Amino acid sequence: GISDEKRAEAASPRTIPDGSIVSIGVDAAKTRDTTAVGWAWVDPDTGECFVDCHVWSCRPGVACDTFVTGGRLDNDDARDYVRDVLLEDFNGRLVFYDERYFGTQAMDLSQDGLTVVEMHQGKPEMVAAWNEFYADLHGARPLVRIRKGMPGRTLVSHIKAAKGKRNAAGDSWKVHKEDLPIDALAAVVMARYAARHFGEYVRSRERWAIVR
């Protein structure tokens, strides 16, 4: 069958319109992997979810947009990218993040007025995010879209590095890497989930660990 990355690239090459409401996902690291900021926008006319990302790596030979020398990532760079790049182009309101390495920066973004939510890896919300992303990608009409060509190469590389296995019941996916990082994929999976469930999240906010 058609590969995941080809399904996601099958859309027209248009980008997310300036000023759109986007949701953001951040999957961060310090040394071994990469730090990724992903963002997602749902087209109200087609229901398609357009995703994009920016990735930092201190590990040579890994797909990234920014290589960091010195062997250690500074996740303030990801925070500042949200502030100085994404919020210049889009209306960002909601940030889902992996709490392990981005807690301080998430607090900073909260001070800026964004709503930031811990997205615990392995918890029901993240499991649902992976399952829904797969369903959007493999439906009769794929609903996840990434940019064609060079702008989407980093994300495509991280998609290719991901390995998935269904649970015993066959109703859920466990996604992991073998060698190369998959943080860009994890970030856009979080961003897509936030974009799809923004209204639901607002209505049931007491169910989430919200940092304000």
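Coordinates for the structure precede this section.
Residues numbered from 1 in each chain as written. Predicted model: local features only at pLDDT ≥ 70, side-chain atom pairs only at ≥ 80, totals over all residues. Heavy atoms only, no water.

1. Notes on the overall build of the protein
1) Next: A tally of regular secondary structure across the protein gives seven helices and ten strands.
2) Next: When each of the 212 residues of the protein is scored for burial, the buried share is 49%.
3) Next: The long-range fraction of contacts in the protein, counting pairs at least 24 apart against all pairs at least 6 apart in sequence, stands at 62%. (Helix = DSSP H or I, 4+ residues; strand = E, 2+ residues; numbered from the N terminus. Buried < 20%, exposed > 50% of the residue type's maximum accessible area, 1.4 Å probe, protein only. Contact = heavy atoms within 4.5 Å.)

2. A short note on the packing of helix 2 (residues 76–89) against helix 3 (residues 99–111)
1) Next: Here helix 2 crosses helix 3 at 25 degrees, and the two axes come no closer than 9 Å. The orientation of helix 2 with respect to helix 3, classified from their angle, is roughly parallel. With respect to the hand of their crossing, helix 2 and helix 3 are arranged in right-handed fashion. Facing Asp-76, Ala-78, Arg-79, Val-82 and Arg-83 of helix 2, the residues of helix 3 in contact are Phe-102, Gln-105, Asp-108 and Leu-109.
2) Next: Of the residues belonging to the contact of helix 2 with helix 3, the class tally is four nonpolar, one polar and four charged. (Axes fitted to C-alpha atoms, helices over the stretch in contact; angles between N-to-C directions. Parallel < 35°, antiparallel > 145°, perpendicular 65-115°, else oblique. Left-handed = near helix turned anticlockwise from the far one by under 90°. Nonpolar A, V, L, I, M, F, W, Y, C, P; charged D, E, K, R; others polar.)

3. Looking at the pairing of strand 1 (residues 21–27)
1) Next: Across the seven residues that make up strand 1, a large majority, six, are buried.
2) Next: Inspection of the sheet shows strand 1 paired to strand 5 (residues 91–97) by six bridges, in the parallel sense. Note on strand 5: the bridge partner recorded for Val-26 is Tyr-97.
3) Next: In this sheet, strand 2 (residues 34–42) lies alongside strand 1 in antiparallel orientation, the contact comprising five bridges. Bridged to Gly-25 within strand 2 is Gly-38.
4) Next: In textbook terms, the turn of a hairpin is the stretch between consecutive antiparallel strands, and for strand 1 and strand 2 this stretch comprises six residues. (Pairing = 2+ DSSP bridges.)

4. Some remarks on the pattern of salt bridges
If the charged atoms of two oppositely charged side chains come close together, the side chains can form a pair.
1) Next: Following the criterion strictly, the structure yields ten salt bridges and no others.
2) Next: Residue Asp-80 is joined to Arg-79 by a salt bridge in which the shortest nitrogen-to-oxygen separation is 2.9 Å.
3) Next: Relative accessible area serves as the criterion here: at 26%, Asp-80 is assigned to the partly exposed category.
4) Next: Here Asp-136 makes a salt bridge to Arg-192, at a shortest N to O gap of 3.0 Å. Taken as a pair, Asp-136 in helix 4 (residues 124–138) and Arg-192 in helix 6 (residues 183–196) lie far apart in primary sequence, 56 residues in all. The exposure classification of Asp-136 matches that of Arg-192, with both residues buried.
5) Next: Overlapping salt bridges bring together Asp-76, Arg-79, Asp-80, Arg-83, Asp-108 and Asp-112 as one network. (Salt bridge = Lys/Arg side-chain N within 4 Å of Asp/Glu carboxyl O.)

5. Considerations on the pairing of strand 2
1) Next: In terms of residue burial, strand 2 counts as a mostly covered element, since eight of its nine residues are buried.
2) Next: Bridge count for strand 2 against strand 3 (residues 49–57) is nine bridges, and the pairing is antiparallel. Within strand 3, the residue paired with Val-37 across the bridge is His-54.
3) Next: The loop that links strand 2 with its antiparallel partner strand 3 comprises six residues; one of these, Gly-47, has a positive phi angle of about 80 degrees.

6. Topic: helix 3
Owing to its 3.6 residues per turn, the α-helix aligns residues three or four sequence positions apart on the same side.
1) Next: The first and last C-alpha atoms of helix 3 sit 17 Å apart over 13 residues, in line with the 18 Å expected at 1.5 Å per residue.
2) Next: Of all the bends found along helix 3, the most pronounced is centred on Gln-105 and spans about 40 degrees.
3) Next: Listed as buried for helix 3 are Phe-102, Gln-105, Ala-106, Leu-109 and Ser-110.
4) Next: Downstream of helix 3 by one or two residues, Gly-113 has phi in the positive range, about 110 degrees. (Expected span 1.5 Å × (residues − 1). Bend = angle between axes of the 7 residues up to and from the residue.)

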